[in-house]
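Results of the structural survey
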Amino acid sequence: MEAMKAGDIDWRAGRTPLYVFRATDSAAEIGQAAFNRFFTENALGGKRAFLSVGRMEREVIDMALDLFHAPGDADGHMTTGGSESIFMAVKAARDAHRAAGSKAGQQLNIVMPESAHPAFDKAAQAMEIEMRRVGLAQSRRADPAAMADAADARTMMMVASAPCFPFGVIDPVAEVAAVARERGIWLHVDACVGGYLIPFAKANGEDLPDFDFQVEGVRSISADLHKYGFCPKPASTVFFRDADDMARSAFDFDVWANGRFVTHTIAGTRPAGAVAGAWAVLNHLGREGYCAVARDLLKMARAYRAGIEAVEGLHMLAEPDLTILNFGADGFDIFAAADRMAAKGWLPGRTQDPRGLHLMLSMLHARAREAYLADLAEAVDAVRREGGASAAKAVY
Ligand SMILES: Cc1ncc(COP(=O)(O)O)c(C=O)c1O
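Computed from a prediction, not measured in an experiment: that's the story for all the values here.

The strand order across the open sheet built from seven strands is β1-β7-β6-β5-β4-β2-β3, with neighbouring strands paired in mixed fashion. Because the sheet does not close on itself, it has two edges, and the strands there are β1 (75-79) and β3 (130-134). Going from strand to strand, the sheet's axes swing by 20° on average, the running direction of each strand aside.

What follows is the structure in structure tokens.
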């Protein structure tokens, strides 16, 4: 296995711009040890067999409900990732729309900014829901007026991202919520990236908008523990403003030999290790630890940004709110520079529209900054001097 790994990207050295996250080495070690301690148990049995796992899941959810200013009727559950959290929220919203009078078979739709994650399209495809991806404002944030124009009586959900993956900007949640409220449409906030980062950055004094249940009209929130919660994969959370909506995310069935089967996830069996890992990391870091990491992360992201902007010919494609940077080139093919970065052992994150390079930073990238920026400057300089176009495609 070690030999097979030889061709893998060196993530420990910060050479991949996505897929892995780190706060501190001790948080990673504690998460891994907790995961291993519950390696065999199954979170599906958290209510009957492995009560400790059920208790830890409850405590993780309660900590997050508090973090997201949830009202008394709110509830949530853990899932195996952002895509699953989004799937369950879409299912709940669809069933709420049906409960309010739309008929099965009616073509429902979701209105969202074009920067939102394809997990919504995946859910929509499975549930035969029409997707309406709406153009962005100049800031590359959601355009609430354009979203209002795209919505109709069959709109079962609107989406705002906090932040969106491509550009790293937080959509104007309050403005989108005002539209959704006026029309009686369910608003989901996809905080898969920022859910466990924004509250702590705000506590540190960063000027960031409200994105959670504090905003009237936000009916569900997805937030990934395995991204900026720094918990072992696979772990995410999804929350509902009221318990009836949470009940709609469930699959509740008993027409088979073994009796009642209730799950709030697509998965049946789930790794108890991920629950234990999340519980351990949340308790280990605590508010203070997360605030410290948020401070370090934003400082590092600003240093990356300054270094990128110091390279002649590069500019940010959006004004980043947190730790995702997307930048483009003036008058040369940035993918050609990306190819040169790949040849030096960096996995390039490419965006296709507009053509750019993309970084989702964690503390793994702290040590890599100088080397990355030096290689980037060299690659850009070479392409500017020698020209060249890349045939590479952006791949997520
Ligand atoms: C904004 C956003 N939402 C949802 C997801 C999906 O998360 P997952 O890969 O855990 O399914 C991602 C993943 O990067 C994301 O960036």
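Right, let's get into the domain arrangement of the chain. By the assigned domains, the chain splits into domain 1 (25-284) and domain 2 (293-385). If you average the C-alpha positions of domain 1 and of domain 2, the two centres end up 29 Å apart. Across the boundary between the two partners, domain 1 contributes 21 residues, which contact 21 residues of domain 2. Summing both partners gives a buried area of about 1800 Å² for domain 1 against domain 2, and 63% of it is carried by carbon and sulfur. The tally of links between domain 1 and domain 2 comes to two salt bridges. Glu 206 is the partner of Arg 302 in a salt bridge, and the nearest nitrogen-oxygen pair spans 2.7 Å.

Another point: the sheet that holds strand β11 (residues 324-329). Hydrogen bonds along the backbone pair up the strands of a sheet, which may run parallel or antiparallel. Read from one edge to the other, the open sheet built from four strands follows the order β10-β11-β13-β12, with strand pairing classed as antiparallel. A strand with exactly one partner marks an edge of an open sheet, and here the two such strands are β10 (314-316) and β12 (350-352). Going from strand to strand, the sheet's axes swing by 35° on average, the running direction of each strand aside. Pairing analysis gives three bridges linking β12 to strand β13 (residues 355-360), with the strands arranged antiparallel. Considered in β13, the bridge of Arg 350 is made with Leu 357.

Once that is clear, we can look at the pattern of salt bridges. Counted according to the given criterion, the structure contains 28 salt bridges. One salt bridge connects Glu 59 with Arg 55, and the closest N-O pair in it is separated by 2.7 Å. On the criterion of helical spacing, the pair formed by Glu 59 and Arg 55 is a turn pair, its members being four residues apart in helix α3 (residues 51-67). Under the relative-accessibility criterion, Glu 59 is labelled partly exposed at 26%. Given a relative accessible area of 56%, Arg 55 falls into the exposed group. Its salt-bridge partner being Arg 141, residue Asp 321 comes within 3.0 Å of it at the nearest N-O pair. Highlighted residues: Asp 321 in the loop between β10 and β11 and Arg 141 in the loop between β3 and α6 (144-150), separated in sequence by 180 residues. Taken together, the salt bridges that share partners define one network made up of Arg 340, Asp 381, Arg 385 and Glu 386.

Below, the discussion takes up the packing of aromatic side chains. Tallied over the full model, the rule gives 14 aromatic pairs. For the pair Tyr 228 and Phe 230, a centre-to-centre distance of 5.8 Å together with 90° between the ring planes defines the contact as edge-to-face. Taken together, a centroid distance of 5.6 Å and an interplanar angle of 10° make the contact between Phe 251 and Phe 253 stacked. Ring pairing ties together the aromatic residues Phe 21, Phe 200, Tyr 228, Phe 230 and Tyr 290, which thus form one cluster. Across the ring face of Phe 335, the terminal group of Arg 355 is positioned such that the distance to the ring centre comes to 3.9 Å.

Here we come to the pairing of strand β6 (residues 218-224). Working note: regular strand, side chains alternate between the two faces of the sheet. Buried residues dominate β6, accounting for six of its seven residues. When strand β5 (residues 187-190) meets β6, the two strands line up parallel, connected through four bridges. Looking at the pairing, Val 189 lines up with Ile 221 of β6. Running through helix α8 (residues 198-203), the crossover from β5 to the neighbouring parallel element β6 is right-handed. Bridge count for β6 against strand β7 (residues 236-240) is five bridges, and the pairing is antiparallel. Within the sheet, the bridge partner assigned to Asp 224 lies in β7 and is Ser 236.

Neighbouring the ligand are 14 residues, the closest being Ser 83, Asp 190, His 226, Lys 227 and Tyr 396. At a separation of 2.6 Å, an oxygen atom of the ligand approaches a polar side-chain atom of Tyr 396. Relative to its free-state accessible area of 390 Å², the ligand is covered by the protein chains to the extent of 87%. A class-by-class count of the residues in the shell around the ligand yields six nonpolar, five polar and three charged.

What follows deals with the nonpolar core. General note: in soluble globular proteins, nonpolar side chains tend to be found buried as a group. Counting residues in hydrophobic clusters, the biggest one holds 104 residues, and the most contacted among them are Phe 68, Leu 187 and Phe 327. No fewer than three residues from each of domain 1 (25-284) and domain 2 (293-385) sit in this core. Not counting residues within four places of it along the chain, the set of residues in contact with Phe 68 comprises Gly 195, Tyr 196, Pro 199, Phe 211, Asp 212, Phe 213, Gln 214, Ile 221, Ala 223 and Phe 239. Counting 26 residues, the second largest nonpolar core, distinct from the first, contains Phe 87, Ala 96, Met 157 and Phe 240.

Conventions we followed
Residues numbered from 1 in each chain as written. Predicted model: local features only at pLDDT ≥ 70, side-chain atom pairs only at ≥ 80, totals over all residues. Heavy atoms only, no water. Pairing = 2+ DSSP bridges. Helix = DSSP H or I, 4+ residues; strand = E, 2+ residues; numbered from the N terminus. Axes fitted to C-alpha atoms, helices over the stretch in contact; angles between N-to-C directions. Domains from an automatic or database assignment. Contact = heavy atoms within 4.5 Å. Buried area = accessible area lost by both parts, 1.4 Å probe. Salt bridge = Lys/Arg side-chain N within 4 Å of Asp/Glu carboxyl O. Buried < 20%, exposed > 50% of the residue type's maximum accessible area, 1.4 Å probe, protein only. Phe/Tyr/Trp six-rings, centres within 6.5 Å; stacked < 30°, edge-to-face > 60°. Lys NZ or Arg CZ within 6 Å of the ring centre and 35° of its normal. Right-handed = clockwise from strand over helix to strand, strands pointing away. Near = heavy atom within 4 Å. Polar contact = N/O pair within 3.5 Å; in protein donor to acceptor, adjacent residues only side chain to side chain. Areas by Shrake-Rupley, 256 points an atom, 1.4 Å probe, with all protein chains shown as cover. Nonpolar A, V, L, I, M, F, W, Y, C, P; charged D, E, K, R; others polar. Core = buried A, V, L, I, M, F, W, Y, C linked by side-chain atoms within 4.5 Å.

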